[in-house]
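Residue strings, one per chain:
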Amino acid sequence: IFSTLGEAFSALASGFTFGDDDDLTEKFTFGEIQIQKNTATLTTVMKTMFLTEAYTAATGMDLSTLAKIEEVEEILDAQHKSIVEGTQASPEIKEQMQLMREAFFEFLAGKKLTALKVTNEDISPTTPRVLAYRLYGDTKLKGELASLNNAVSFEVLSGNVKVLSR
């Protein structure tokens, strides 16, 4: 369904709000109480499933920049907190979710060691392609340089320009 793992991650992250609009008013009849318990269980299952699949998708995403790593980290940590603090997940599920979180954050720590950071540099007029070659020795990052500077790949960049550095 998705052409990239980044697209899959975004779709899964959109499911993190599953059940947030459920009716939480006090119920009085046996049927209403049972429906509310079933709904809470389903919400816990769905939120947990979305998070575990998002962890999987994130491991295959392009996490080459520190900004992207921090964005993914923030999104997944908020969902983890929502499950641990805001659902009826059992202690066993919460423990497994914590172990998964720790393993993922260990993975991200390794990615951070080689991540590129966005910095500013004053440059003379040049295209993203030429700038990429001058800075990195190849043109692979020309698209990223253009995106960082809200330009198209053939547009001339000059002055204070955002670049990627280690």
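Definitions and cut-offs
Residues numbered from 1 in each chain as written. Predicted model: local features only at pLDDT ≥ 70, side-chain atom pairs only at ≥ 80, totals over all residues. Heavy atoms only, no water. Helix = DSSP H or I, 4+ residues; strand = E, 2+ residues; numbered from the N terminus. Rg over C-alpha atoms; globule rule 2.2 N^0.38 Å. Buried < 20%, exposed > 50% of the residue type's maximum accessible area, 1.4 Å probe, protein only. Areas by Shrake-Rupley, 256 points an atom, 1.4 Å probe, with all protein chains shown as cover. Lys, Arg positive; Asp, Glu negative; His and termini not counted. Charge placed at Lys NZ, Arg CZ, Asp CG, Glu CD. 1 Å grid on protein atoms, 1.4 Å probe; cavity = no way out; pocket = protein on both sides within 12 Å on 5 of 7 lines; lining within 4 Å. Points joined across faces, edges and corners; volume = space filled by probe spheres on them. Nonpolar A, V, L, I, M, F, W, Y, C, P; charged D, E, K, R; others polar. Contact = heavy atoms within 4.5 Å. Arc of directions from axis to C-beta. Axes fitted to C-alpha atoms, helices over the stretch in contact; angles between N-to-C directions. Parallel < 35°, antiparallel > 145°, perpendicular 65-115°, else oblique. Left-handed = near helix turned anticlockwise from the far one by under 90°. Salt bridge = Lys/Arg side-chain N within 4 Å of Asp/Glu carboxyl O.

Trainee: Outline the overall build of the protein chain, listing residues and values.
Mentor: Looking only at helices and strands, one finds six helices and two strands in the protein chain. For the protein chain, the α and β elements follow one another from N to C terminus as α-α-α-α-β-α-α-β. Relative to the 2.2 N^0.38 estimate, which gives 15 Å for 166 residues, the radius of gyration of the protein chain is 22 Å and therefore markedly larger than a compact globule would have. Counting only C-alpha atoms, the protein chain reaches 75 × 30 × 30 Å along its principal axes. For the protein chain, the residues scored as buried account for 31% of the 166 residues in total. Carbon and sulfur atoms make up 56% of the accessible area of the protein chain, which amounts to about 10,200 Å² in all. Taking the average location of the 16 positive side-chain charges in the protein chain and that of its 24 negative ones, the two points are 7 Å from each other.

Trainee: Requested: an account of the layout of surface pockets, with residues and values cited.
Mentor: For the largest pocket, the calculated volume is near 320 Å³. The dominant element in the lining of the largest pocket, judged by the number of residues it contributes, is helix 2 (residues 30-59), at seven residues. In terms of residue class, the lining of the largest pocket is built from two nonpolar, eight polar and six charged.

Trainee: Before we move on, could you go through the environment of phenylalanine 2 and cite the residues and values that matter?
Mentor: Mapped onto the secondary structure, phenylalanine 2 falls in the segment before helix 1 (5-14). Phenylalanine 2 sits in the partly exposed class, given a relative accessible area of 43%. Once residues lying within four places of it in the same chain are set aside, the contact partners of phenylalanine 2 are Glu7, Ala8 and Ala11.

Trainee: So what's going on with helix 1? Residues and values would help.
Mentor: For helix 1, the set of buried residues is Ala8, Phe9, Leu12 and Ala13. Relative to the axis of helix 1, the buried residues are bounded by an arc of 135° and lie together on one face. Its buried side turned inward, helix 1 meets helix 2 and helix 3 (66-86).

Trainee: Help me get a handle on the packing of helix 1 against helix 2, residues and values and all.
Mentor: The geometry of helix 1 relative to helix 2 is characterised by a closest axis approach of 9 Å and an angle of 160° between their N-to-C directions. Considering the angle they form, helix 1 stands roughly antiparallel to helix 2. Taken as a pair, helix 1 and helix 2 cross one another with a handedness that is left-handed. In contact with Leu5, Ala8, Phe9 and Leu12 of helix 1, helix 2 contributes Phe50, Glu53, Ala54, Ala57 and Ala58.

Trainee: Quick rundown of the pattern of salt bridges? Include the residues and the values.
Mentor: Under the defined criterion, the tally for this structure stands at three salt bridges. For the salt bridge of glutamate 71 with lysine 68, the shortest nitrogen-to-oxygen distance reads 3.7 Å. Of this pair, glutamate 71 and lysine 68 both sit in helix 3, separated by three residues, roughly a single helical turn. Look at glutamate 71 and you get partly exposed, because its relative accessible area is 39%. One salt bridge connects lysine 112 with glutamate 73, and the closest N-O pair in it is separated by 3.0 Å. With lysine 112 in helix 4 (residues 91-114) and glutamate 73 in helix 3, the pair connects residues that are 39 residues apart, well separated along the chain. On the accessibility criterion, lysine 112 (29% relative accessible area) is partly exposed. Relative accessible area serves as the criterion here: at 17%, glutamate 73 is assigned to the buried category.

Trainee: Please give an account of the side chain of lysine 47 that cites residues and values.
Mentor: Following the sequence through the fold, lysine 47 ends up in helix 2. What makes lysine 47 buried here is its relative accessible area of 4%. Residues within four places of lysine 47 in sequence aside, it is in contact with Phe16, Thr17, Phe18, Asp20, Gln79, Ser82, Ile83 and Thr87.

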